[in-house]
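Structural overview
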Amino acid sequence: LDIGKAQQGVAQVLVDPINGYGLNALGSVSCNGGMNPIVQQGNSFNCDVMVDQKQEQVLVVFQDDQGTYAVDRPR
């Protein structure tokens, strides 16, 4: 999985008010230390995100071997 595209996808989920979390003040999104994660069902990686100028983490978990992933709420 291309980490750049994953970061964009995670950001989209975090700000989407209908299918995501509807965050208004999302800053930077940096996932998996810039390394492309291995796509395999059950594998996961973390993203560091800035929300309201506060550093938080988001867990991303692969749902299948095709690259579908679920994005957890920032913590």
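My aim in this report is to walk through the structure given alongside it, one point at a time. (Residues numbered from 1 in each chain as written. Predicted model: local features only at pLDDT ≥ 70, side-chain atom pairs only at ≥ 80, totals over all residues. Heavy atoms only, no water.)

Here we come to the packing of aromatic side chains. Scanning the model with the defined rule gives one aromatic pair in all. Judged by centre distance (5.8 Å) and plane angle (50 degrees), the rings of F45 and F62 are tilted. Of the two residues, F45 is situated in strand β2 (residues 44-51) and F62 in strand β3 (residues 54-62); the sequence distance between them amounts to 17 residues. When its relative accessible area of 3% is taken as the criterion, F45 is described as buried. Assessed through its relative accessible area of 2%, F62 is described here as buried. (Phe/Tyr/Trp six-rings, centres within 6.5 Å; stacked < 30°, edge-to-face > 60°. Helix = DSSP H or I, 4+ residues; strand = E, 2+ residues; numbered from the N terminus. Buried < 20%, exposed > 50% of the residue type's maximum accessible area, 1.4 Å probe, protein only.)

On to the sheet that holds strand β4 (residues 69-71), then. Within the open sheet, the four strands sit side by side as β1-β2-β3-β4. Their pairing is antiparallel. Only two strands of the sheet have a single neighbouring strand rather than two, namely β1 (26-31) and β4. Across the sheet, the mean angle separating the axes of adjacent strands is 25 degrees when strand polarity is ignored. Direction of pairing for β3 relative to β4: antiparallel, over a ladder of three bridges. Bridge pairing in β4 links V61 to A70. Here helix α1 (residues 3-15) sits on the sheet and contacts β1, β2, β3 and β4; the angle it forms with β1, its principal contact strand, is near 145 degrees. (Pairing = 2+ DSSP bridges. Axes fitted to C-alpha atoms, helices over the stretch in contact; angles between N-to-C directions. Contact = heavy atoms within 4.5 Å.)

If you look at the biggest cluster of nonpolar residues, it comprises 16 residues, and the most contacted ones within it are V10, F45, C47 and V58. Put simply, the parts of the chain that give this core at least two residues each are α1, β1, β2 and β3. No other element matches α1, which puts five residues into this core. If sequence neighbours within four positions are ignored, C47 has contacts with V10, S30, C31, E56, Q57, V58 and V60. (Core = buried A, V, L, I, M, F, W, Y, C linked by side-chain atoms within 4.5 Å.)

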